[in-house]
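Chain by chain, the residues run as shown.
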Amino acid sequence: MADQSTAKDPEKERRKIKSVSKMKEIMTTYYIEAKTARENGKKVAWITSGGPVEFLIAMDVIPVYPENHGAMIGASKMGVGLCEKAEEMGYSRDLCSYARSDIACSVTDGGPIGGLPRPDFLVCCNNICGTVLKWYEVAARFYNVPLFILDTPFIHTQFSEASRKYVVQQTYEYIAFLEKQCGRKMNFERINEVARLAVQGLRLWQEVLDTAAHKPAPMTAFDAFFHLALIVTLRGTQIAVDYYQQLVAEMRQRIQDGISMVPNEKYRLLWDNLPVWYRTKWLSDKFSSHNACLVGDTYTSAWSGIMDLIDENNFIETGAVAYSSVYINVSLDIMFETLKKLIKKYDVDGLVMHSNRSCKPYSLGQYDLGQMVMRELKIPTLIIEADMVDERSFSESQIETRIDAFMETLKG
Amino acid sequence: MDALKTLKAAAADPYVYGAAIQAKSGKKVVGNFCTYTLEELIVAAGAVPFRLCGTKEDISLADKHLQSYCCSLVRGGLEDALRGNLSFLAGAVFPHTCDSIQRLSDIWRLNAGFPFHIDVVLPVKLDTPSARTYMIDVLAGCKADLEAALGVQITPERLHHAISLYNDIRGTLGDIYRMRSADPGVISAGDLYHVLKASMIMDRDELLPLLHTLRDELKAGAKTAPSTVGRRVALSGGICNHPDIYTILEECGAQVIWDDLCTGTRYFEGQIEENIVPIEAIANRYITRMICPAKHLSVTARGENLVNLAKVQKADGVIFLFLKFCDPHSFDYPYLKKFLDDAGVPNILLEVEAQLPSDAQLRTRFETFVDMLK
């Protein structure tokens, strides 16, 4: 579990992704800017991870992402204390741990960065879950600020013409909302500029993820979880584009130099659901010890999965339609189509599903998806019962036994 | 009191009643899990909307599809479907509400094997003109889907009939609720619960005269419950599938006199205008009726409603009755509690799964609560 090595192992050093430090620097700058926005005369909006941030950027509003905050809380292992605080406030332990820990931070200014900057207004897009609606209602009451809801109808079989009309109409309402909050007109040309940068960033991000199709993979899903932060928080900016250019270049160089992330990659696995943020290293080491590499995942590719639906020259009419079509806003059979493509692209031997107590829309239905994968692709599935932030729902011995048993069957 | 007896019999064994509908009336039966099911359209299509409330069986088949952290309504409904307990259904209609029902719809469609399956992707926010326009579009889509699934044409006449039928049913249920609130001796809370449950499953043409008879009898002075004096309590939450709660509470010295439940006021509140375009009129009711917490009206709508309800119905206290793992209700709880606390209305939270807590445990909790009301 803990890193045993004290002296630096040159072999390990060689495998480390060098861009990590740049990434940390960018995220630090981003949070400093967000936390000092008010002093600099800028407005701050909280927005859901799957929300169309492009309009905020075009309006020069600083977007802040409570979900990214939740991930940071999980990764810094501060989740349990904060979740317990929320439970004291009356929030059930069965609720989403991102929401619980973030709500607790609002009250205590706790967590890894002393709480998020206070929002001037809130933008909630429910394409990822119904939880964000409730979470943002809580925030709207707590901060007493306006809430805009972009309601993206779920796609069970197809996205209807009525749904298209509804989300396009809401896009104009969103713009009007922003104009009112900011007290100035939207620059419509700027929207398409931002959209172009967003799409460029998404394409580069997808290229980064695609490099893991190489055998052996230069990076793993665990690396993707980390490097994802910019596609969430700085999507639509030149900073994200520049960074992912650098990251793609590094990955390609690694392929050329024969550097893989897992030393003796033998088994290739696909991850489903959000990460177990407080145990990414443990899980990564655990799979590595079996010469198994998690080469791809359904989560980090969710953002780039919709980029082809965006018309960069007409973002207003196509952006929200694309956002409505994200991986988690579609039925199990449509998810299965995506899953099949990922399994083929990355040529994986097994599927690892994180059954995440915090995320019902992602987790309910996993058993069926696992069955479909087995039936149609003859690929076995391992299900890990855990939670993305709340460590109390992680049973190490049980999970270790399950991983070991699963790997034994793969090794056959 | 034959009417009450008939209603209670249907509610006591809903699947037995449901299985007999088609043979008796030739009508198809359409399963659903939600008060946002566009029942008026189903009735206009000549079928019977049949509300599902979970199972009495142990969960085994549903375990292969749903994790344990999913609510008992969703797991139980699937269990009954997979066991064949619902073989009398011609199909099901799934309005969009919470994340769990959303996934249940997929799992149901892929595994339950009923002849038809209709998803109704309603708007989540109900407070804007564009959401209303979308709602009307969705209603029109649902109407077309039902026509195709049931092989009928929903004519304007059929729609008008269904609307006036529903206005009468809902109005009568409201009358009976208000009569009980004014004088709990007219009908017991447990009986009224069964009347509501029956109203959600029975052939509505058969139901309406029974409700009329019951109301008229109660109005004429019939007393079907002991006129016990007790504290007045309102329930707030999702579904109640436990009639024992009403009797245990009564034995502890309190009476349920009103509620904000799916299996209660949210089912019958609000009338449909009869002089405008039917589809729009139906949409109007669904967007103005008090919301389920999976929908958005404003950030304080439910709190204001609950405080007002306690005041109007002279409730001494409120019991929050939630299904465990119900995210929308659990998210609203701290703020609803604060609204009640600020208004000086005592309240407790009771979280239940498929089974109630033990009788003794429940009694202790209720007795402590009733003491707070004195």
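Please refer to the structure higher up on the page.
Starting from 1, residues in each chain are numbered consecutively following that chain's sequence as written. By the order in which they are written, chains take letters starting at A while ligands take numbers starting at 1. pLDDT decides what is reported in this predicted model: residues at 70 or higher carry local features, side-chain atom pairs at 80 or more are listed and counted, and totals for whole chains, interfaces and linings draw on all residues regardless.

Q: Looking at this structure, I do not really get the overall build of chain A. What am I missing?
A: Across its full length, chain A holds 18 helices and eight strands. C-alpha atoms define the radius of gyration in this analysis, and the globule rule sets the expected value at 2.2 Å times the number of residues to the power 0.38. Taken over C-alpha atoms, the radius of gyration comes to 21 Å for chain A, in line with the 22 Å a tight globule of 412 residues would show. Over its C-alpha atoms, taken along the principal directions, chain A stretches across nearly 65 × 45 × 40 Å. With 412 residues in all, chain A has 52% of them scored as buried. Considering only contacts in chain A between residues 6 or more positions apart, those separated by 24 or more positions represent 77%. Helix numbers and strand numbers start at the N terminus; a helix is a DSSP run of H or I with at least 4 residues, a strand a run of E with at least 2. A residue is called partly exposed when the number of other C-beta atoms within 10 Å of its own lies between 12 and 20, exposed at 12 or fewer, and buried at 20 or more, with C-beta atoms placed from the backbone. Throughout, a residue-residue contact means that the two C-beta atoms, derived from backbone geometry, are no farther apart than 7 Å.

Q: Explain the overall build of chain B to me, please; I cannot follow it from the model alone.
A: The secondary structure content of chain B amounts to 15 helices and eight strands. A principal-axis box enclosing the C-alpha atoms of chain B has dimensions of 60 × 50 × 45 Å. Buried residues in chain B amount to 53% of all 374 residues. Considering only intrachain contacts with a sequence separation of at least 6, the fraction spanning at least 24 residues in chain B is 74%.

Q: Can you help me understand the pairing of strand β1 (residues 44-47) of chain A in this one?
A: Side-chain direction in a regular strand flips from residue to residue, so the side chains alternate between the two faces of the sheet. Residues and elements named next belong to chain A. Here β1 shows a buried face lined by Val44 and Trp46 and a second buried face lined by Ala45 and Ile47. Any two strands with at least two DSSP bridges between them are considered paired. Pairing analysis gives three bridges linking β1 to strand β2 (residues 62-64), with the strands arranged parallel. Within β2, the residue paired with valine 44 across the bridge is isoleucine 62. As defined by bridge partners, β1 adjoins strand β3 (residues 121-125) across three bridges and the pair is classed as parallel. Of the residues in β3, the one forming a bridge with tryptophan 46 is leucine 122.

Q: Please clarify how the packing of helix α7 (residues 156-182) of chain B against helix α8 (residues 189-199) of chain B should be interpreted in this entry.
A: Between two packed helices, the angle of one axis relative to the other and the distance separating the axes together describe the packing. All names here are of chain B. Here an axis means a line fitted to C-alpha atoms, over the contact stretch when the element is a helix, while the angle between two N-to-C directions is reported on a 0 to 180 degree scale. The contact between α7 and α8 brings their axes to 11 Å, and the two run at 175°. One way to sum up the angle between α7 and α8 is to call them roughly antiparallel. Residue-level inspection shows Ile169, Leu173, Ile176 and Arg180 of α7 in contact with α8, the latter providing Leu192, Val195, Leu196 and Ser199. Classification convention: Asp, Glu, Lys, Arg as charged; Ala, Val, Leu, Ile, Met, Phe, Trp, Tyr, Cys, Pro as nonpolar; all other residues, Gly among them, as polar. Along the lines of polarity and charge, the residues of the contact of α7 with α8 split into six nonpolar, one polar and one charged. Any angle that falls under 35 degrees is termed roughly parallel, while one over 145 is termed roughly antiparallel, one within 65 to 115 roughly perpendicular, and all others oblique.

Q: How should helix α15 (residues 332-346) of chain A be read in this particular structure?
A: Given a helix with a known number of residues, its expected span is that number minus one, times 1.5 Å. Here α15 of chain A contains 15 residues, and its C-alpha end-to-end distance of 21 Å stays within 8% of the 21 Å for a straight helix at 1.5 Å per residue. Listed in full, the buried residues belonging to α15 of chain A are Leu332, Met335, Leu339, Leu342, Ile343 and Tyr346 of chain A. Down the axis of α15 of chain A, the smallest arc covering the buried residues is 100°, so these residues share one side. Across α15 of chain A from its buried face, at more than 90 degrees, point the exposed residues Glu337, Lys341 and Lys344 of chain A. Looking at the buried positions of α15 of chain A, the neighbouring elements they touch are β5 (267-272), β6 (292-297) and α17 (366-377) of chain A together with α5 (99-111) of chain B. Working note: the arc is built from the helix axis to C-beta atom directions.

Q: Help me understand the sheet that holds strand β6 (residues 254-260) of chain B in this model?
A: Sheet strands pair by backbone hydrogen bonding; their relative direction is either parallel or antiparallel. All names here are of chain B. Taken together, four strands build an open sheet; the order of strands is β6-β5-β7-β8 and the sheet is parallel. Each of the sheet's edge strands pairs with one partner strand only, and the pair in question is β6 and β8 (347-352). With strand direction ignored, the average angle separating the axes of adjacent strands in the sheet is 30°. As paired strands, strand β5 (residues 231-237) and β6 are joined by six bridges and run parallel to one another. Within the sheet, the bridge partner assigned to leucine 235 lies in β6 and is aspartate 259. Along the sheet, helix α14 (residues 327-342) makes contact with β5, β7 (317-323) and β8, crossing β7 at roughly 175°.

Q: Would you mind going over the interface of chain A and chain B with me for this structure?
A: The parts lose accessible area when they come together, and the size of an interface is often stated as this lost area. Residue-level contacts link 41 residues of chain A with 42 residues of chain B. Of all the secondary structure elements, the ones that give two or more residues to the side of chain A that touches chain B are α7 (131-143), β4 (147-150), α8 (161-182), α15, α16 (360-363) and α17 of chain A. Top element by residues in the side of chain A that touches chain B is α7 of chain A. It accounts for seven residues.

Q: What is the right way to read the nonpolar core from this model?
A: Inside soluble globular proteins, nonpolar side chains tend to come together where they are buried. In this structure, Ala45, Leu122, Leu269, Leu270 and Val295 of chain A together with Val318 of chain B are the most contacted members of the largest nonpolar core, which totals 258 residues. With 11 residues, helix α9 (residues 188-210) of chain A is the largest single contributor of residues to this core. Each residue touching alanine 45 of chain A, except ones within four places of it in the same chain, is listed here: Leu56, Val61, Pro63, Val64, Pro119, Asp120, Phe121, Leu122 and Val123 of chain A. As used throughout, a nonpolar core is a set of buried Ala, Val, Leu, Ile, Met, Phe, Trp, Tyr and Cys residues joined through C-beta atoms within 7 Å of each other.

Q: Is there a simple way to think about the sheet that holds strand β8 (residues 381-386) of chain A in this case?
A: All names here are of chain A. The four strands are arranged β6-β5-β7-β8 in an open sheet whose pairing can be described as parallel. Sheet topology places β6 and β8 at the edges, where each strand pairs with a single neighbour. Along the sheet, successive strands turn relative to each other by an average axial angle of 30°, direction set aside. By the bridge criterion, six bridges tie strand β7 (residues 350-356) to β8 in an arrangement that is parallel. Among the inter-strand pairings, leucine 351 is bridged to a residue of β8, identified as threonine 381. The strands that α15 touches are β5 and β6; relative to β5, the one it contacts most, it runs at about 155°.

Q: Teacher, can you tell me more about the packing of α15 of chain A against α17 of chain A here?
A: Residue and element names in this part refer to chain A. Their axes nearest at 10 Å, the elements α15 and α17 cross at an angle of 50°. As summarised for this structure, α15 and α17 are arranged oblique, according to the angle between their axes. For the pair α15 and α17, the sense of crossing is right-handed. Counting all contacts with α15, which are made through Leu332, Met335, Phe336, Leu339, Lys340 and Ile343, the residues of α17 involved are Asp368, Leu369, Met372, Val373 and Leu377. Split by residue class, the contact of α15 with α17 holds nine nonpolar, no polar and two charged. Crossings are assigned a handedness: left-handed for a near helix turned anticlockwise from the far helix by less than a right angle, right-handed for a clockwise turn.

Q: Help me out: how do you make sense of the environment of serine 288 of chain A in this one?
A: Looking at where serine 288 of chain A falls in the secondary structure, it is placed in helix α13 (residues 280-289). For serine 288 of chain A, a count of 18 C-beta atoms within 10 Å puts it in the partly exposed group.

Q: Looking at this structure, how should I read the environment of phenylalanine 320 of chain B?
A: Residues and elements named next belong to chain B. Looking at the secondary structure, you find phenylalanine 320 in strand β7. A count of 22 C-beta atoms within 10 Å places phenylalanine 320 in the buried class. Residues phenylalanine 320 and lysine 338, spaced 18 residues apart in sequence, show a C-alpha to C-alpha distance of 13 Å. Residues contacting phenylalanine 320, with those up to four places away along its chain left out, are Ser236, Gly237, Tyr333, Asn347, Leu349 and Leu350.

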